[in-house]
Structure formats: structure tokens, C-alpha cells
Amino acid sequence: MVTPLSWQTAPSTPVLNGNDIHVYYVNTSLFQDQIKELFHLLSSTEQNRAQNISHTKQKNTFIITKAFLRKILSQYLGAPEQQISLEIEKNGKPFLGSCHNSSIQFNLAHSHDKSILAFCLKTPLGIDLEKIRLISHAQKILTKYGSEQEKRSYNAVPEKHKKEAFLRGWTKKEALIKAQGHKMATHANKYAVNFSLFPKDKLFNVEMANENIQSWALYDLTIEDYVGTIALQRQNNKLSLWHV
Ligand SMILES: CC(C)(COP(=O)(O)OP(=O)(O)OC[C@H]1O[C@@H](n2cnc3c(N)ncnc32)[C@H](O)[C@@H]1OP(=O)(O)O)[C@@H](O)C(=O)NCCC(=O)NCCS
């Protein structure tokens, strides 16, 4: 039996090597009294984005997450937080500016008062996080976005596990889409995931040119009452789970 990894305190000088994946989770409710200092770590574009978010809790989550993104990248790159250059792909996926001459890849997600950030070298990765809660329209979402295989796998889940199984499956789908920098609205039906709870075979299909589902790795994450997935097209990774 494989013992699940536990979340450890993040090191102050992390080093990313080869097939490492470093995952950080941030409990944003612990940093509410540091909002002013964290806001100053953001770029002016990020500060403007934050100021346009009217919902205070969402605004603070945005600020805290972006500040930690900069803090962590600053540890890897040995550069001050404000000097980290971040750019955005056309579908919204952020990436490290070429001026850093670094192969660091990252992605992030937030849900309620938790954020999660993942980093690795070279291979683009996607991450998603969801608080376990009842999604009353789960069936409708699957009717709209799901394949026959996905619906069948979800329908076979015992009623008492359906809430968690839906969100675990959904985070697999989103993490795959985010790894490729796509959008759910346009690419949901390109990936078919297994909605069974902790299935041995997590993926049914990846409908992209030259894709081989065996080349994809999907890692389930659990943090208190949150579930998530990391997806990347690379096998044999070394995962470290840290909280800040
Ligand atoms: C990006 C997307 C795939 C996920 O967005 P989301 O679930 O709303 O938000 P998440 O918390 O997972 O991720 C947001 C972060 O991902 C990153 N991101 C944005 N667009 C991205 C993309 N196309 N690919 C990868 N990463 C992206 C950003 O860093 C963003 O954070 P920021 O806005 O603070 O900069 C979105 O396009 C989408 O399609 N969302 C659908 C949501 C949905 O249907 N949910 C149903 C819930 S059951």
C-alpha cells in the first residue's frame, strides 16, 4: 500500500530539480492582517486587477495568492518579489517572463479560503482545487460537458460518495485543461476523466493530436475538506507538498 504524502512546512530556500513538483497550499484566512504589505509585492497591473474586485474576500484571496506566487518565485530565482516578471497567455494562463531565462513552470488555483500553487521545470502543469460541497447541478454539468464514459463512471459511484467523486473528477478535468492553457468552455469535451473515487485508471481519453494518455500523470490532492489535482504530461515525478 502506498502511504499518502503529508503536507509539511515549506523550506525557506527550495530548490527545483529534474522531475520535482513542488506544491504549496496557502490558508488565506491566516494572512488577512498582512494584506497591506502583501499588496505592495504585486505589480501595478496586479494591483489594478485587485482593486477592481468588489468582493473583499475574493480580493484578499487574489492579493495573498499573487503575493505568495511572487515570494516563492523569488526564492527559486534569487530576485526580489517585485522584480519577478509575469506574463499571461491569450487564454489567461500566467507564465514567467523570458527575461529570467528559467524553465520554471507554474500554475495556481483558489477555492474559498485556500489557494494552491504548483511549480516544476520544463513541463507545463495544471492545478485545480475545490472545497468539497454539494454541486446540486452536477448531473447537468456532466450532461453539458461530459462524455458517455464520464457520465457512466459518475453514475456508478454510490450515492454517499457522489459529492466528493464529482469534485475529484472535475478537478482532474480542470487541471488537464489548465496544463494546456485552455478554457473549460472550449475544451471540456477534449478530455474524458474517470469520475470513480480514486480510480486506478484516471483518464479515459485525451482528444488532442499526437496525444498518448499514458504520458499524462494526474495526482490527487487532499487538504482538509478540499480536493484537487495536478496534471502534467510527464511520468515519474517527485512530489513535495508544503504549506506556507
Ligand atoms: C482557468 C479555468 C480553466 C479555471 O478557472 P477557475 O476554476 O475559475 O479558477 P481556478 O481557481 O482554478 O484558477 C484560476 C487561476 O488559474 C490561472 N489561469 C487562468 N486562466 C488559465 C488557463 N487558461 N489555463 C491555466 N491557468 C489559467 C490564473 O492564475 C488564475 O488565477 P488569477 O485569476 O488569480 O490570476 C477557467 O477558464 C474555466 O473554464 N473555469 C470554469 C469553472 C467552472 O466551470 N467551474 C465549475 C465548478 S464545479
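For clarity, every value in this text was computed on a predicted model and none was experimentally measured.

### Some words on the pairing of strand E11 (residues 226-232)
(1) Moving on: The buried fraction of E11 amounts to 7 of the 7 residues, a majority that puts the element mostly inside the structure.
(2) Moving on: By the alternation rule, side chains of E11 split into Tyr226, Gly228, Ile230 and Leu232 and Val227, Thr229 and Ala231, which are all buried.
(3) Moving on: The pairing of strand E7 (residues 125-131) with E11 spans 7 bridges and is antiparallel. What sits directly across from Leu129, in E11, is Gly228.
(4) Moving on: Note that strand E10 (residues 217-223) and E11 share 7 bridges and pair antiparallel. What sits directly across from Asp220, in E11, is Thr229.
(5) Moving on: Where E10 folds back on E11, the antiparallel hairpin that results is connected by 2 residues, among which Glu224 adopts a positive phi of roughly 45°.

### Topic: the pairing of strand E6 (residues 114-121)
(1) Moving on: Judged by how many residues are buried, E6 sits mostly within the fold: 7 of 8 residues are covered.
(2) Moving on: Here 7 bridges tie strand E2 (residues 20-27) to E6, and the two strands are oriented antiparallel to one another. When the bridges of E6 are listed, Val26 appears paired with Ser115.
(3) Moving on: Both strand E5 (residues 104-111) and E6 contribute to a ladder of 8 bridges, which runs antiparallel. Bridge pairing in E6 places Leu108 opposite Leu117.
(4) Moving on: Here E5 folds back onto E6 in antiparallel fashion, the turn holding 2 residues, of which His112 has a positive phi close to 50°.

### With respect to the site of the ligand
(1) Moving on: Neighbouring residues of the ligand: 22 residues in total, closest Gly92, Lys93, Ala109, Lys178 and Met184.
(2) Moving on: Secondary-structure elements contributing two or more residues to the shell around the ligand are helix H3 (56-77), E5, E7, helix H6 (162-179) and helix H7 (184-187).
(3) Moving on: Within the shell around the ligand, the residues separate by chemical class into 9 nonpolar, 8 polar and 5 charged.

### Considerations on the sheet that holds E10
(1) Moving on: One open sheet accounts for 3 strands, arranged E7-E11-E10; its pairing is antiparallel. The open sheet has two free edges, formed respectively by E7 and E10, since each of these has just one partner strand. Pairwise comparison of adjacent strand axes, ignoring direction, gives a mean angle of 15° for this sheet.
(2) Moving on: Strands E7, E10 and E11 of the sheet are contacted by H6, whose axis makes an angle of about 155° with E7.

### Some points on the domain arrangement of the protein chain
(1) Moving on: Here the protein chain is described as being made up of domain 1 (8-127) and domain 2 (131-233).
(2) Moving on: For domain 1 and domain 2, the distance between their C-alpha centres works out to 24 Å.
(3) Moving on: Breaking the side of domain 1 that touches domain 2 down by element, the ones donating at least two residues are E2, E5, E6 and E7.
(4) Moving on: Sort the elements by how many residues they give to the side of domain 1 that touches domain 2 and E6 lands first, with 4 residues.
(5) Moving on: Here the side of domain 1 that touches domain 2 is built from residues that sort into 10 nonpolar, 6 polar and 3 charged.

### Examining the sheet that holds E6
Across a sheet, paired strands are connected by hydrogen bonds in the backbone, their directions being either parallel or antiparallel.
(1) Moving on: Spatially, 5 strands are ordered E1-E12-E2-E6-E5 in an open sheet, and the strand pairing comes out mixed. The open sheet has two free edges, formed respectively by strand E1 (8-9) and E5, since each of these has just one partner strand.
(2) Moving on: Across the face of the sheet, H3 comes into contact with E2, E5 and E6 while running at roughly 25° to E6.

What counts, and at which threshold
Residues numbered from 1 in each chain as written. Predicted model: local features only at pLDDT ≥ 70, side-chain atom pairs only at ≥ 80, totals over all residues. Buried ≥ 20, exposed ≤ 12 C-beta atoms within 10 Å, placed from the backbone. Helix = DSSP H or I, 4+ residues; strand = E, 2+ residues; numbered from the N terminus. Pairing = 2+ DSSP bridges. Near = placed C-beta within 6 Å. Nonpolar A, V, L, I, M, F, W, Y, C, P; charged D, E, K, R; others polar. Axes fitted to C-alpha atoms, helices over the stretch in contact; angles between N-to-C directions. Contact = placed C-beta atoms within 7 Å. Domains from an automatic or database assignment.

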